[in-house]
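One-letter residues, chain by chain:
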Amino acid sequence: MTIISPDDGGTVRSSPGTVSVFVALAPVLRKGDYLKAILDGKALEKKYYSTVIQLETIDRGMHQLAVAVYDKTGKMLLQSQTVSFQLHRTIARQRSPRG
């Protein structure tokens, strides 16, 4: 299992803090198996049943990401290597009124 995106050491630019994670996995998930993202050492609650994971409202800054496969009983079967990425969230600045 390998995290294809985001790139290790890469930068993700997303104003809302959304990070798309793509995972290469062989063999494919069995019925009842699921993926969980592990962000900054903590497994996130949401279960994913495909190799595309959408993380939302991630804070800006440097993050560590891994992905793990769990079976239907909740036992971890496999975990990817950890990748690091920087998240940049652009914020629109308000112009000061001219006067």
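Residues numbered from 1 in each chain as written. Predicted model: local features only at pLDDT ≥ 70, side-chain atom pairs only at ≥ 80, totals over all residues. Heavy atoms only, no water.

Caption draft 1: How the structure looks around the nonpolar core. Val-19, Val-21, Leu-35, Ile-53, Leu-55 and Leu-65 are the most contacted members of the largest nonpolar core, which totals 20 residues. Broken down by secondary-structure element, the contributors of at least two residues to this core are strand 3 (19-24), strand 4 (34-39), strand 6 (52-55), strand 7 (61-70) and strand 9 (83-88). Setting aside its immediate chain neighbours within four residues, Leu-55 contacts Gly-17, Thr-18, Val-19, Val-21, Ala-37, Leu-44, Tyr-48 and Leu-65. Membership of the second largest hydrophobic core comes to five residues, among which are Tyr-34, Ile-38, Ala-66 and Ala-68. (Core = buried A, V, L, I, M, F, W, Y, C linked by side-chain atoms within 4.5 Å. Buried < 20%, exposed > 50% of the residue type's maximum accessible area, 1.4 Å probe, protein only. Helix = DSSP H or I, 4+ residues; strand = E, 2+ residues; numbered from the N terminus. Contact = heavy atoms within 4.5 Å.)

Caption draft 2: Quick look at the pairing of strand 8 (residues 76-79). The pairing of strand 7 with strand 8 spans three bridges and is antiparallel. Bridge pairing links Val-69 to Leu-78 in strand 8. Counting the residues that bridge the hairpin from strand 7 to strand 8 gives five residues, and of these Gly-74 lies at a positive phi of roughly 95°. (Pairing = 2+ DSSP bridges.)

Caption draft 3: Just the sheet that holds strand 3, in detail. With antiparallel pairing, three strands are arranged side by side in an open sheet as 1-3-6. Pairing within the sheet leaves two strands with one partner each, and these edge strands are strand 1 (2-5) and strand 6. For this sheet, the mean angle separating the axes of adjacent strands, direction not counted, is 35°. Here strand 3 runs beside strand 6; their pairing, made up of four bridges, is antiparallel. Looking at strand 6, one finds that Ser-20 is bridged to Gln-54. (Axes fitted to C-alpha atoms, helices over the stretch in contact; angles between N-to-C directions.)

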